[in-house]
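Results of the structural survey
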Amino acid sequence: MRQATGPDTKMKPKTLPKSRRFSMSKQEALWAYVFISPVVLGLAIFYMVPAIGSLVLSFFDWDGLSRASFVGLDNFAALVKDEDFLRSMWNTFLFTIGSVPLSIVCATIVAVLLNQPIRGLPIYRTLFFIPVVTMPVAIGMVWRWLYNSDFGLFNQLLGFFHLPQPNWLFDPKLALFSIILVSVWSGIGYNAIILLSGLQGISRTYYEASSLDGAGSWRKFIHITVPLLSPSLFFVLIISFINSLQVFDLIYMMMGKDQSMLTYTRTAVFSIWEQGFKFFHLGYASAQAWVLSVVLMTITLVQMYFQKKWVHYE
């Protein structure tokens, strides 16, 4: 006859002693620190140490060779009166306002199109992503040829249709806008891939349910796609703002050293490079870099605050 087993006679799972569990957790933590140490050391050596060094250098007047002299806040005070720096900040603001919204709108359209079941889809995705992996130097050289007022492709096409042929890069009203177009073209592939991954993460059940309610394509996009895509849009917005405020290579390659147009196209990072590596005012350049860093952090914090009102996480 089988003996009845009560709750007290059941076998309990074997547990490790408290000291043994604590020892294993310490070992796991130790290995975690070992694996992340290369990244932490890289960030410290190549980012944190130079950042702290530039902050200290911003309080000195130094040309890189002679002895540095302490000037306190004079470098920051001089920025307020520096018309070239103020103009560069204004150009950076115009570049950001012009490139970020246009880039996000175009990338969203491209991502939606690349999310459709069409033939040759991998080829189209590759073509849109090629500019992202292309060197900015090559992009600048090719687009400078396209913008050439004498034999550039754009003016040749405009001349074929008997349309005005503008001087794209040497017209004060068009120079910065021309560079904005190149920036949008070269960065649209990266933003589109990020948004495409967000689109593919949206469940089809939402669209099927809205179809039963009679919703059209536009209402589906506004009320389903955009809210559920908002986390990806927020990430793209942050990255686009940071990249646009730090633009340098395209302007350097497309405008060269033409001083007549730098007034209309010089950005904040270009001004930092000019002061630091052309005029060797390293302390003054460091002060400009920290002003730009504060602007970047402020804009990012503002975006982080307002994202609670429009970003919807599932």
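Our subject is the structure listed above.
First, a word on what this report is: a plain description of the structure on this page. Predicted, not measured: the structure shown is a model, and the values here were computed from it.

Attention shifts here to a nonpolar patch on the surface. A cluster of nonpolar side chains, contributed by L30, W31, Y33, V34, F35, I36 and V40, occupies part of the molecular surface with about 790 Å² of accessible area. Mapped onto the secondary structure, I36 falls in helix α1 (residues 18–57). Note on I36: relative accessible area 43%, which makes it partly exposed.

Taken as a whole, this structure holds two salt bridges when the rule is applied. One salt bridge connects E274 with R266, and the closest N-O pair in it is separated by 3.0 Å. R266 shares its class with E274; the two are buried. With a closest N to O distance of 4.0 Å, E274 and K278 form a salt bridge. A residue pair is termed a helical-turn pair when its members lie 3 or 4 positions apart in one helix, as E274 and K278 do in helix α12 (residues 268–278) at four residues. Using a relative accessible area of 35% as the deciding quantity, one classes K278 as partly exposed. Three or more residues are tied together by salt bridges with common partners; here these are R266, E274 and K278.

Next up on the list: unusual backbone geometry. Phi at H162 takes a positive value of approximately 60°, unusual for a residue other than glycine. Mapping H162 onto the fold places it in the loop between α6 (153–160) and α7 (175–200). The residue F280 is not glycine, and still its phi comes out positive at about 60°. Summarising the element assignment, F280 is placed in the loop between α12 and α13 (282–310). Looking at F280, the relative accessible area reads 46%, which means it is partly exposed.

Calculation rules
- Residues numbered from 1 in each chain as written.
- Predicted model: local features only at pLDDT ≥ 70, side-chain atom pairs only at ≥ 80, totals over all residues.
- Heavy atoms only, no water.
- Patch = residues over 30% accessible without salt bridge, like charges linked within 9 Å, V, L, I, M, F, W, Y side chains within 5 Å.
- Areas by Shrake-Rupley, 256 points an atom, 1.4 Å probe, with all protein chains shown as cover.
- Salt bridge = Lys/Arg side-chain N within 4 Å of Asp/Glu carboxyl O.
- Helix = DSSP H or I, 4+ residues; strand = E, 2+ residues; numbered from the N terminus.
- Buried < 20%, exposed > 50% of the residue type's maximum accessible area, 1.4 Å probe, protein only.

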